[in-house]
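Coordinates in review
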Amino acid sequence: MMQPEEAWGARWRACAHPLAHQYMGSAVQKQSLVVLAADLPRVDDLVDLIARVGSHVTALKTHVDMVDDFTMDEWGRVIEAARAHDLMLFEDRKFADIGRVAQTQMGGLYDIRSWADAVTAHSVSGPDVLDGIAAAWDGVQRIGGILLLAQMSSRDNLLSEEYGNRTVEFGTASPHVIGYIGNGSSPAEIESLRAKAGDGRMIWTPGVNLSAAEGVLGQRYGHPSDAVRAGSDAVIVGSGIHGDENPEEAARSYAEASWKALLER
Ligand code: S5P
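Description of the structure in this document. (Residues numbered from 1 in each chain as written. Predicted model: local features only at pLDDT ≥ 70, side-chain atom pairs only at ≥ 80, totals over all residues. Heavy atoms only, no water.)

1. Some remarks on the overall build of the protein chain
Quick note on the threshold: Secondary structure elements are taken from DSSP: a helix is a run of H or I of four residues or more, a strand is a run of E of two residues or more, and numbering for both begins at the N terminus. Here, Shrake-Rupley sampling with a 1.4 Å probe gives the accessible areas, and only protein chains in the shown set may cover a residue. By the counting scheme adopted, Arg and Lys are positive, Glu and Asp are negative, and His together with the chain ends is not counted. Each charge is placed at NZ for Lys, CZ for Arg, CG for Asp and CD for Glu.
Along the protein chain, the regular secondary structure elements total twelve helices and eight strands. Projected onto its principal axes, the C-alpha positions of the protein chain cover 40 × 40 × 40 Å. Here the protein chain has roughly 11200 Å² of accessible surface; of this, 48% comes from carbon and sulfur atoms. Put simply, the protein chain has 23 plus and 37 minus side-chain charges, and the middle of one group is 3 Å from the middle of the other.

Okay, structure coming up:
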């Protein structure tokens, strides 16, 4: 099997966080840079989807607060299914409050700190949100990584170039930040973010779809291969997989496209 350093090059050497290495190592094993956006409202359907596509995807991105039948016990089934497929658990919570509140929001009903390996955060409130999130993991003796939103895929969003630059400054200064969310629908924007982020941080991109049609409610899409060639290290795919009539085949296609593009890069 290929060594991670061979596939990832400078990115492997420069990303120091253990979770960045966990993701990149697992991507090589599965030959897939696909993060499954499992946007389904029922635990049974989530567990079923993981069983079907788990071997073609590298991380499981959740929105735990969209699950209708959430209880901590039921959620345990999702965690177990993900771990059984060696998937990193990534809660897309988009924390955006002051540090102290983000710390407490990592607990609460969903107790994100106890199971998530990675979470997303907005940088709008300043860099202390990052320390708040890290303090919550610290409180339960776990280590996690944060992905900061530097760009978004939705049309007319307010994340300007300057906002993205400041976000990268926060991310560069924080040991808890493993990477950035970039706009997967625009190779030019990914390239620009890549130039600023350097090799020490990953870029994960939503807004990718193989049939690159218009998404609903202002979502925009680009091709996963273009995103990876432009500097994305993970393609976040939701509808393209769970909305397909054959999720397993779809996941395999995304995995192949993303892996091939990484090797080309
Ligand atoms: O800018 C963004 C950031 C994120 S994290 N645009 C996004 O679409 N996302 C997330 O990616 C969104 O919350 C959803 O879970 C996923 C995209 O889903 P899809 O069905 O459009 O592939």
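2. Some points on the site of the ligand
Applied cut-off: If a single non-hydrogen atom of a residue is within 4 Å of a molecule or strand, that residue counts as near it. N or O atoms closer than or at 3.5 Å make up a polar contact, with two conditions inside protein: a donor-capable atom paired with an acceptor-capable one, and, for residues adjacent in sequence, both atoms drawn from side chains.
Taken together, 16 residues are adjacent to the ligand, and Asp 39, Lys 61, Ser 153, Tyr 221 and Ser 239 come closest. Tyr 221 places a side-chain nitrogen or oxygen 2.6 Å from an oxygen atom of the ligand. Residue Gly 238 places a main-chain N or O atom 2.9 Å away from an oxygen atom belonging to the ligand. Taking 500 Å² as the accessible area of the ligand by itself, protein coverage stands at 89%.

3. Comments concerning the sheet that holds strand E5 (residues 145–149)
The line we're drawing: For two strands to count as paired, DSSP must find a minimum of two bridges between them. Fitted lines through C-alpha atoms give the axes, limited to the stretch in contact for helices. The angle between two N-to-C directions lies from 0 to 180 degrees.
Ordered by their spatial adjacency, eight strands build a closed barrel running E1-E2-E3-E4-E5-E6-E7-E8, and the pairing between neighbours is parallel. Neighbour-to-neighbour, the strand axes of the sheet open up by a mean angle of 25°, direction not taken into account. Direction of pairing for strand E1 (residues 34–37) relative to strand E2 (residues 59–62): parallel, over a ladder of three bridges. By the bridge assignment, Val 35 is partnered in E2 with Ala 59.

4. Comments concerning the nonpolar core
As a reminder, the rule being used: Side-chain atoms within 4.5 Å are what join buried Ala, Val, Leu, Ile, Met, Phe, Trp, Tyr and Cys residues into a set we call a nonpolar core. Accessibility here uses a 1.4 Å probe with only protein chains present; expressed as a share of the type maximum, an area under 20% marks a residue as buried, one over 50% as exposed, and anything in between as partly exposed. Residues count as neighbours in contact if any of their non-hydrogen atoms are within 4.5 Å of one another.
Of all hydrophobic cores here, the largest spans 84 residues; its most connected members are Trp 8, Tyr 23, Ile 133 and Trp 204. Among all residues touching Trp 8, those that are not within four sequence positions of it are Tyr 23, Met 24, Ala 27, Val 28, Leu 33, Asp 233, Leu 262 and Arg 265.

5. Let's talk about the environment of Met 202
Tracing the backbone shows Met 202 in strand E7 (residues 202–205). When the C-alpha atoms of Met 202 and Tyr 180 are compared, they prove to be 6.3 Å apart, with 22 residues separating the residues in sequence. Those residues within four positions of Met 202 in sequence are excluded, and the remaining contacts are Cys 15, Ala 20, Tyr 23, Met 24, Ile 178, Gly 179, Tyr 180, Arg 194 and Asp 233.

6. Comments concerning unusual backbone geometry
In this structure, Gln 141 is a non-glycine residue whose phi angle is positive, near 50°. Considering the arrangement of structural elements, one finds Gln 141 in the loop between helix H7 (128–139) and E5. Phi is positive for Leu 217, close to 50°, though the residue is something other than glycine. Checked against the element boundaries, Leu 217 lands in the loop between E7 and helix H10 (224–229).

7. A closer look at the pattern of salt bridges
Note the cut-off: For this analysis, a salt bridge means a side-chain nitrogen from Lys or Arg found within 4 Å of a carboxyl oxygen belonging to Asp or Glu.
Summed over all chains, the structure comprises 20 salt bridges. The salt bridge partner of Asp 117 is Arg 83, with a shortest N-O separation of 3.1 Å. Taken as a pair, Asp 117 in the loop between helix H6 (99–105) and strand E4 (118–121) and Arg 83 in helix H5 (residues 72–84) lie far apart in primary sequence, 34 residues in all. A salt bridge links Lys 94 to Asp 92, with the shortest nitrogen-to-oxygen separation between them at 2.9 Å. Relative accessible area serves as the criterion here: at 7%, Asp 92 is assigned to the buried category. Members of the salt-bridge network, linked through shared partners, are Arg 11, Arg 194, Asp 199, Asp 233 and Arg 265.

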